[in-house]
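For reference, the chains in residue letters:
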Amino acid sequence: MSRVIKEEGGYYDRDPREFRIRAALVYPGPYEAAINSLGHQIVYFLGNSVEGVLVERFTTDSLGSIESGAELKAFDVILASLHYEGQVHVLLNMLREAGIPIGREKRRQPLIVGGPITANPLPMVGFADAIVVGDGEGAVETILRTLAEGGSVADLADVEGIFLPGSKTRFRRSPLSYLPPRQIKATTRSGETNPFLLEISRGCSHGCRFCLLGWTQRPRRDRPLSQLLEQVELAKDLGFDKVYMIGSDVLGHPRAVDVLKKILDEGLRLSLPSLRADEVTQELVEVIAEAGLRKVSLAPETGSRRLSLAINKGVVLEKVVNAASELAKAGVNEVKLYLMAGLPWETKEDIKASAELASSVKRVGLKVELSVSQFVPKPHTPFQRVPMARPDWYRSAVRTLRRISGVRVKAVHPGRAAIQGLISLGDVGSSEAVIRASSGGYNASSYFEAFRSSGINPESILYSWRDAPWRDIVDTGVREDALSAELERAKQGLLTPSCDVGCWGCGVCSTPAHS
């Protein structure tokens, strides 16, 4: 937090003696990442709305809590938001550094975790007393109210979306009625402030077969335009100068461009997440030009038409190049392309096609950066059982992309992908291995050794067809036969339409919006 000199919008200068319980909200990462996480802020404001509850925040670089400097072990309950698998490693070491036992049986205060990666809670049962599966709205208040009224974690067993070790639960989806009354604004020594975070929608309807959110948070839920416009005005009133749009499919919202125009009309700057090339319209391009954006991110995932059909992306090379060309005309001078390597049934020709896509985008006059990650199967998706590619294949693919594309390539290390896979695809037995691995370095060697010493073959989890034990304990609403059918369609290279086009009966919606 050394760069931050001022923070506004939180809860400060409170006497803990006036509250029945004190809850620590841990973000396993630096302050600047936490302050740019809307989910983390939502939990903070929801928790502090519960009568008798005081919630204070912790990050890896805060000396004690951000609000008061109190030690982590002084709190009655610990909440942790986990956004990607590597944060499990960080969280466990934050507990160690605070002198708090990792094991559930040895710890005084309950540890309750939530976030996108908890869709498979099994690898966390060794250290978490309760795990929120799905959205936190509604669950956070129930947890803290129950504890503040003298209840225990066991009293949460029947709450939707709360998994207790040894139980089952249903994935929790919020109606998106709640937004914080304000957001925290931090000012750095250079005078810069963090952006206002505007979630325009949650989930996705496209059904990309590799995507966790696309299968646990389907169909996409859009916030009403009136709520979004009020949020933009709130950003202005609070003194923010920039709004960052949040959503897995931002441009899928039917009024997305209207929200962008409102941001500019209020004199604010805007920032966009990665976009689907087939949703880049002329109206959007005009807004981007007016906003003066110079860098835009697109997420085609692959340049191969064959693989694009297999993963249900369906965005052909021509659409990506055309979108890039229009963006260049609007004054954009750099495009970041998000690609994956190691996708199911991938060949060398598919990798070459991705490299050629980058070259084609470069030829329209744009600086191009390739951001490459390795495909990691995710639970509850059609690809949940598909083997990962071996590290050698991934490294070879990255070398090919660098050699042929002629653009800058930034690639995620395959060791990190392996750790992601071990944490996201493990079963109950993996929990002890994860705890053991977290005491060593954050590298694949440490994790492989820890799993083997726990009697688990890590290669069987990663590089073989696997069981899906998470399906027995978490009900996402998507039927198992629907996931199996999607896997078969992937093998055949068949597209499945978006939920926005028509319902094909995956099981989530009791009353489909389309038929």
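Here we summarise the structure given alongside this text. (Residues numbered from 1 in each chain as written. Predicted model: local features only at pLDDT ≥ 70, side-chain atom pairs only at ≥ 80, totals over all residues. Heavy atoms only, no water.)

1. Section: helix α4 (residues 139–148)
Owing to its 3.6 residues per turn, the α-helix brings residues three or four apart onto one side. With respect to burial, α4 is a largely interior element, eight of its ten residues being buried. Within the span of α4, buried status applies to A139, V140, E141, I143, L144, T146, L147 and A148. Directly beyond the C-terminal end of α4, a positive phi value near 95 degrees is found at G150. (Buried < 20%, exposed > 50% of the residue type's maximum accessible area, 1.4 Å probe, protein only. Helix = DSSP H or I, 4+ residues; strand = E, 2+ residues; numbered from the N terminus.)

2. Quick notes on the packing of aromatic side chains
Tallied over the full model, the rule gives nine aromatic pairs. Ring centres of Y11 and Y44 lie 5.7 Å apart, and the angle between their planes is 65 degrees; on these two criteria the pair is classed as edge-to-face. Taken together, the residues Y11 in the loop between β1 (4–8) and β2 (21–26) and Y44 in helix α2 (residues 38–48) connect sequence positions 33 residues apart. Ring centres of Y44 and F45 lie 5.4 Å apart, and the angle between their planes is 75 degrees; on these two criteria the pair is classed as edge-to-face. With relative accessibility at 0%, the residue Y44 sits in the buried group. According to the relative accessible area criterion, F45 is buried, its value standing at 1%. Aromatic rings pair up to connect Y11, Y44 and F45 into one cluster. Positioned above the aromatic ring of F75 is the side chain of R22, whose terminal nitrogen or guanidinium carbon lies 4.6 Å from the ring centre. (Phe/Tyr/Trp six-rings, centres within 6.5 Å; stacked < 30°, edge-to-face > 60°. Lys NZ or Arg CZ within 6 Å of the ring centre and 35° of its normal.)

3. Observations concerning empty space enclosed by the protein
Enumeration according to the criterion identifies one cavity of 30 Å³ or more in this entry. As a volume, the largest cavity reaches approximately 40 Å³. When contributions to the lining of the largest cavity are tallied by element, the ones reaching two or more residues are α1 (31–34) and α2. Residues belonging to the lining of the largest cavity are distributed by class as follows: five nonpolar, three polar and one charged. (1 Å grid on protein atoms, 1.4 Å probe; cavity = no way out; pocket = protein on both sides within 12 Å on 5 of 7 lines; lining within 4 Å. Points joined across faces, edges and corners; volume = space filled by probe spheres on them. Nonpolar A, V, L, I, M, F, W, Y, C, P; charged D, E, K, R; others polar.)

4. Things to note about the packing of helix α6 (residues 225–237) against helix α7 (residues 256–265)
Closest axis-to-axis distance for the α6/α7 pair is 10 Å, and the angle between their directions is 20 degrees. As summarised for this structure, α6 and α7 are arranged roughly parallel, according to the angle between their axes. Crossing of α6 over α7 shows right-handed handedness. Within the contact between the two elements, α6 uses L225, L228, L229, V232 and E233 and α7 uses D258, V259, K262 and I263. (Axes fitted to C-alpha atoms, helices over the stretch in contact; angles between N-to-C directions. Parallel < 35°, antiparallel > 145°, perpendicular 65-115°, else oblique. Left-handed = near helix turned anticlockwise from the far one by under 90°. Contact = heavy atoms within 4.5 Å.)

5. A few points about the nonpolar core
Counting 59 residues, the largest nonpolar core has M245, V259, I263, L337, V361 and L370 as the members making the most contacts within it. Residue contributions to this core peak at six residues, all from α7. When sequence neighbours within four positions are dropped, the list of residues in contact with L337 reads L298, P300, V320, A358, V361, V368, E369, L370 and S371. In this structure, V113, F163, W470 and I473 belong to the second largest nonpolar core, which totals 53 residues. (Core = buried A, V, L, I, M, F, W, Y, C linked by side-chain atoms within 4.5 Å.)

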